[in-house]
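# A look at the structure
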Amino acid sequence: GEDVEQSLFLSVREGDSSVINCTYTDSSSTYLYWYKQEPGAGLQLLTYIFSNMDMKQDQRLTVLLNKKDKHLSLRIADTQTGDSAIYFCAEPRSNDYKLSFGAGTTVTVRA
Amino acid sequence: NAGVTQTPKFRVLKTGQSMTLLCAQDMNHEYMYWYRQDPGMGLRLIHYSVGEGTTAKGEVPDGYNVSRLKKQNFLLGLESAAPSQTSVYFCASSFPGLAGGILEQFFGPGTRLTVL
């Protein structure tokens, strides 16, 4: 999963915005994904974006996609303590039934 | 629906011992996957299966074997455990991703394995 790159840690104050960045490799990826892993649990799909979109907004979440730079970001507005988790960026493998995950960004929300 | 379940949740092995991790899903998914999660390395695919009776190697298959005798179950075996296999193991399942469509994987809660 090292083809997808993310920074490993992010610390943010409660109420501030969090921005998690990711670079991916396959310019032909149709969808790009953000998964969330809460402590002691497996991953869950958080949101995704279709490759012909630049931006997708879903309540407090905003996904930005820059295809030219192969850069994906996830912004969480008004970050809450429940947002403390590991966030994984993922892209499909070329055969469409495997995903390649980044190393995950651990987000810590401090009071 | 229970979703994806894994047994056991925790296990400690001595070097050279063998064990089998069981994954079960009740969503009638065709595809199933085994990953390992290590600090700073994210998720790495060990083996996967695209249907009952079929398996294939992922990124890090050495030291592991798998079987998919029933559609709902995917077993991961360690024949001779090594300390390097200390990790958290996740099973996942999904429907086939339609060409150009969304591929959502559903994950189990994980098995924490320590090899001494």
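An account of the accompanying structure is given in this report. None of the values given here were measured: they were computed from a predicted structure. (Residues numbered from 1 in each chain as written. Chains lettered and ligands numbered in written order. Predicted model: local features only at pLDDT ≥ 70, side-chain atom pairs only at ≥ 80, totals over all residues. Heavy atoms only, no water.)

Residue and element names in this part refer to chain B. Spatial strand order, E1-E3-E8-E7: 4 strands in an open sheet with antiparallel pairing. Taken across any chain shown, the strands that pair with only one partner, and hence form the sheet edges, are strand E1 (4-7) and strand E7 (65-67). If you compare each strand with its neighbour and ignore which way they point, the axes differ by 20° on average. Where E7 meets strand E8 (residues 73-78), 3 bridges bridge the pair, whose relative direction is antiparallel. Its bridge partner lying in E8, Val 66 is registered against Leu 76. (Pairing = 2+ DSSP bridges. Helix = DSSP H or I, 4+ residues; strand = E, 2+ residues; numbered from the N terminus. Axes fitted to C-alpha atoms, helices over the stretch in contact; angles between N-to-C directions.)

The next thing to look at is the sheet that holds strand E7 (residues 61-66) of chain A. Residue and element names in this part refer to chain A. The strand order E1-E3-E8-E7-E6 describes an open sheet built from 5 strands, whose pairing is antiparallel. Each edge of the open sheet carries a strand with a single partner, namely strand E1 (5-6) and strand E6 (55-58). Pairing of strand E3 (residues 18-23) with strand E8 (residues 71-76) involves 6 bridges; the strand directions are antiparallel. Bridged to Thr 23 within E8 is His 71.

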